[in-house]
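Descriptive structure summary
Okay, here's what each chain looks like letter by letter:
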Amino acid sequence: MSVTGIRKVVAAVFAGLALTLFAAVPAAAQADKLKLTVAGDGAEGVTIQATYTDGRRLDQLVRLVLTATGPDGQRVGPVQLEPQPEGQGFYSSGPVLSTGTWKVTVNSPAPLQGKATATVQARAAQSPPAPRPVAVTADGTGDRGAGAGWWPFAAAGLVLVAAAMGAAMLFGRRRTWTPND
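A brief report on the enclosed structure follows. Throughout, a residue's number is its position along its own chain's written sequence, starting from 1. Given that this is a predicted model, residues contribute local features only at a pLDDT of at least 70 and side-chain atom pairs are listed and counted only at 80 or more, while totals for whole chains, interfaces and linings are drawn from all residues. Processing note: side-chain calculations cover all non-hydrogen atoms of the structure and skip hydrogens and water entirely.

On to the pattern of salt bridges, then. The working definition used for a salt bridge is a side-chain nitrogen of Lys or Arg within 4 Å of a carboxyl oxygen of Asp or Glu. Summed over the entire model, instances satisfying the criterion amount to 1 salt bridge. A salt bridge links Asp 54 to Arg 56; the nearest nitrogen and oxygen atoms lie 2.9 Å apart.

Attention shifts here to the environment of Leu 58. By secondary structure assignment, the location of Leu 58 is in the loop between strand 2 (46-52) and strand 3 (64-69). Taking the C-alpha atoms as reference, Leu 58 lies 8.6 Å from Leu 34; in sequence the two are 24 residues apart. We call two residues in contact whenever any of their non-hydrogen atoms come within 4.5 Å of each other. Leu 58 has contacts with Leu 34, Ala 50, Thr 51, Tyr 52, Gln 88, Gly 89, Tyr 91 and Leu 112, leaving out every residue within four places of it along the chain. A helix here means a DSSP run of H or I that spans at least four residues, while a strand means a run of E at least two residues long, and both kinds are numbered starting from the N terminus.

Once that is clear, we can look at the nonpolar core. Across soluble globular proteins, nonpolar side chains show a tendency to be buried alongside one another. Joining through side-chain atoms within 4.5 Å is the link that ties buried Ala, Val, Leu, Ile, Met, Phe, Trp, Tyr and Cys residues into a set, and such a set is a nonpolar core. Think of it in three bands: with a 1.4 Å probe and only protein chains considered, a residue is buried below 20% of the maximum accessible area for its type, exposed above 50%, and partly exposed in between. Ile 48, Leu 97, Val 104 and Val 106 are the most contacted members of the largest nonpolar core, which has 24 residues in total. Taken together, the elements giving at least two residues each to this core come down to strand 1 (34-40), strand 2, strand 3, strand 4 (75-83), strand 6 (100-108) and strand 7 (114-122). For Leu 97, the contacting residues outside a window of four places in its chain are Glu 44, Val 46, Ala 68, Val 76, Trp 102, Val 104, Val 120 and Ala 122.

Take the sheet that holds strand 2 next. The strand order across the open sheet built from 7 strands is 1-2-5-4-3-6-7, with neighbouring strands paired in antiparallel fashion. Only two strands of the sheet have a single partner each, and these edge strands are strand 1 and strand 7. Averaged over all pairs of adjacent strands, the angle between their axes in this sheet comes to 25 degrees, without regard to strand direction. The criterion for strand pairing is that DSSP finds at least two bridges linking the strands in question. As defined by bridge partners, strand 1 adjoins strand 2 across 7 bridges and the pair is classed as antiparallel. Looking at the pairing, Lys 35 lines up with Thr 51 of strand 2. Axes, fitted as lines to C-alpha atoms, cover a helix only where it is in contact. Angles between the N-to-C directions of the axes lie from 0 to 180 degrees.

Treat this as a map of the structure, not an account of what it does.
Written as structure tokens, this is what we have:
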């Protein structure tokens, strides 16, 4: 290999390294920032979904702190939020707000920084409706015969299909192979 060839190879290697480093710098700069999505949980709490700013799912625990200002100047927080088992980057406050409209701010300190503010409508927790009464019959065997009649027809259909396939295989035209000379 000539000196010129070696110079070209070395220049190509350095160019590749430079491109790799320049491509990694913006990704590293965004890796230290979070996108926080704040919403009410339908009752007296707040839910937060944390992702990286480039849309990737959060793959580590972060410290999130909630503060809120509500009706009549009420204040809540700072409250440190705990991760929830519903998914990566999902956090929930639990019931910390009273009924009314709240301005909620969630901060994430360094090394993964992020901040989001949202207006949340807190409502009193709703209990599920009472179950309706169910009529109970004394004899439970009355309905068994109604749905039991379909399986003999299904079995007969399967037998007919198998017989037709067997007949086609037995009486099908056989081809003999003859070499072309």
